[in-house]
Amino acid sequence: MSNRSTPLTDTLHQYLLDVSLREPDVLKRLREETAQLPEHNMQIAPEQGQFMQLLVKMLNAREVVEIGTFTGYSALAMALALPADGHLLACDYNEEWIAMAQPYWEEAGVADRIETRVAPAADTLAKLIEQGRNGTFDFAFIDADKTSYDIYYERCLELVRPGGVVAVDNTLWHGRVADDRDPSEDTLALRAFNRKLHGDERVDLSLVPIGDGVTLARKR
Ligand code: CA
């Protein structure tokens, strides 16, 4: 069927990687070290990192905010796509994860583009708004606790400029959003969030089936 996204079998997924993935060695090594952690499934897929690099470049982004940095793969991917005077604010509550990211950011020569905030991200975003940073970010990436997605989204939408993009990770939630038998709190939150964005007239919208689903919301 030509009018639906082609399902990715393992073979086709490998083909996609073989013919399109350009993953620098430093990113690959960070991904491999992260794979040893029990929380390794929180890391984005490498093809998604490359997709986000392309978005950062297409937006000519200089100011990026990330909610949920984990061990820094997505932050590193995006920082590599920023101009030398670009700036990425990486928010996470876990200092150990940030500490694991730091040497890779330094090795890649982009540590000076990345500022970290180890604090609850909702507070960090509220502070940025208080400081008058509304409309000054080009790109926001939300990939943190699902039950807070709505508050992260609302604050990020204030912080990005018109034409800027808020990207939201895990919106397909491994299929659980479409499984009525799954009543877990995270699934309910993502379902409600997806429904809300569908009708949100403040943004242009696409749910891209890459990785675990990335919703792109472009501020009008
Ligand atoms: Ca994620």
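Scroll up a little and you will see the structure.
Residues numbered from 1 in each chain as written. Predicted model: local features only at pLDDT ≥ 70, side-chain atom pairs only at ≥ 80, totals over all residues. Heavy atoms only, no water.

**Student:** In this structure, what is going on with the overall build of the protein chain? I would like to understand it.
**Tutor:** Of the regular secondary structure elements, the protein chain holds eight helices and seven strands. For 220 residues, the compact-globule estimate of 2.2 N^0.38 gives 17 Å, and the protein chain sits close to it at 17 Å. C-alpha atoms of the protein chain, sized along the principal axes, occupy 45 × 40 × 35 Å. Within the span of the protein chain, comprising 220 residues, buried residues form 49% of the whole. Of the contacts made within the protein chain by residues no fewer than 6 positions apart, 70% connect residues no fewer than 24 positions apart. Carbon and sulfur atoms provide 51% of the accessible area of the protein chain, an area that totals close to 11,200 Å². Seen as two clouds, the 23 positive and the 36 negative side-chain charges of the protein chain have centres 6 Å apart. (Helix = DSSP H or I, 4+ residues; strand = E, 2+ residues; numbered from the N terminus. Rg over C-alpha atoms; globule rule 2.2 N^0.38 Å. Buried < 20%, exposed > 50% of the residue type's maximum accessible area, 1.4 Å probe, protein only. Contact = heavy atoms within 4.5 Å. Areas by Shrake-Rupley, 256 points an atom, 1.4 Å probe, with all protein chains shown as cover. Lys, Arg positive; Asp, Glu negative; His and termini not counted. Charge placed at Lys NZ, Arg CZ, Asp CG, Glu CD.)

**Student:** Please clarify how the layout of surface pockets should be interpreted in this entry.
**Tutor:** One way to see where empty space is left: roll a probe the size of a water molecule over the atoms. Empty space within the largest pocket amounts to approximately 840 Å³. Every residue lining the largest pocket is counted, 41 residues in all, and those nearest its centre are Asn-41, Met-42, Asp-143, Asp-169 and Asn-170. Contributing elements (two or more residues each) for the lining of the largest pocket: α3 (46-58), α4 (73-81) and β2 (87-92). Top contributing element to the lining of the largest pocket by residue count: α3, with three residues. For the lining of the largest pocket, the class distribution of residues is 20 nonpolar, 13 polar and eight charged. (1 Å grid on protein atoms, 1.4 Å probe; cavity = no way out; pocket = protein on both sides within 12 Å on 5 of 7 lines; lining within 4 Å. Points joined across faces, edges and corners; volume = space filled by probe spheres on them. Nonpolar A, V, L, I, M, F, W, Y, C, P; charged D, E, K, R; others polar.)

**Student:** Help me out: how do you make sense of the coordination of the calcium ion in this one?
**Tutor:** Octahedral metals with six donors have ideal donor angles of 90 or 180 degrees. Tetrahedral metals with four donors have an ideal donor angle of 109.5 degrees. Protein-derived ligands of the calcium ion are Asp-143 (OD), Asp-143 (OD), Asp-169 (OD) and Asn-170 (OD1), with the metal-ligand distances lying across 2.3 to 2.8 Å. Read in sequence order, the donor residues for the calcium ion give the motif D-x25-D-N. Overall, the relative accessible area of 3% leaves Asp-169 in the buried class. A relative accessible area of 11% places Asn-170 in the buried class. (Donors = N, O, S within 2.8 Å, 3.2 Å for Na, K, Ca; no water.)

**Student:** What am I meant to see in the pairing of strand β6 (residues 203-208) here?
**Tutor:** Regular strands place side chains that alternate from one sheet face to the opposite one. Alignment of β6 against strand β7 (residues 214-219), held across six bridges, turns out to be antiparallel. When the sheet's bridge partners are listed, Val-203 is paired in β7 with Lys-219. Here β6 folds back onto β7, and the loop between the two strands holds five residues, one of which, Gly-211, carries a positive phi near 60 degrees. (Pairing = 2+ DSSP bridges.)

**Student:** Hey, could you run me through the sheet that holds strand β1 (residues 63-67) in this one?
**Tutor:** Strand pairs in the sheet, formed through backbone hydrogen bonds, run parallel or antiparallel to each other. Spatially, the seven strands line up as an open sheet ordered β3-β2-β1-β4-β5-β7-β6, and their pairing is mixed. The strands lining the two open edges of the sheet, one partner per strand, are β3 (114-118) and β6. For this sheet, the mean inter-axis angle between neighbouring strands, taken without regard to orientation, is 15 degrees. Note: β1 against strand β4 (residues 137-142), four bridges, orientation parallel. Paired with Val-65 across the bridge in β4 is Ala-140. On top of the sheet, α4 reaches β1, β2, β3 and β4; it is set at about 170 degrees to β1, its chief contact. Packing against the sheet, helix α6 (residues 121-130) makes contact with β1, β2, β3 and β4, and its axis sits at approximately 140 degrees to β2. (Axes fitted to C-alpha atoms, helices over the stretch in contact; angles between N-to-C directions.)

**Student:** Even after reading the chapter, I still don't get empty space enclosed by the protein, so can you show me in this structure?
**Tutor:** Within this structure, the stated rule accounts for one cavity of 30 Å³ or more. If you add up the space inside the largest cavity, you get close to 50 Å³. Forming the boundary of the largest cavity are Leu-21, Arg-22, Glu-23, Pro-24, Leu-27, Pro-46, Gly-49, Gln-50, Gln-53, Tyr-73 and Ala-77. Taken together, the elements giving at least two residues each to the lining of the largest cavity come down to α3 and α4. Of all the elements, α3 adds the most residues to the lining of the largest cavity, at four residues. Within the lining of the largest cavity, the residues separate by chemical class into six nonpolar, three polar and two charged.

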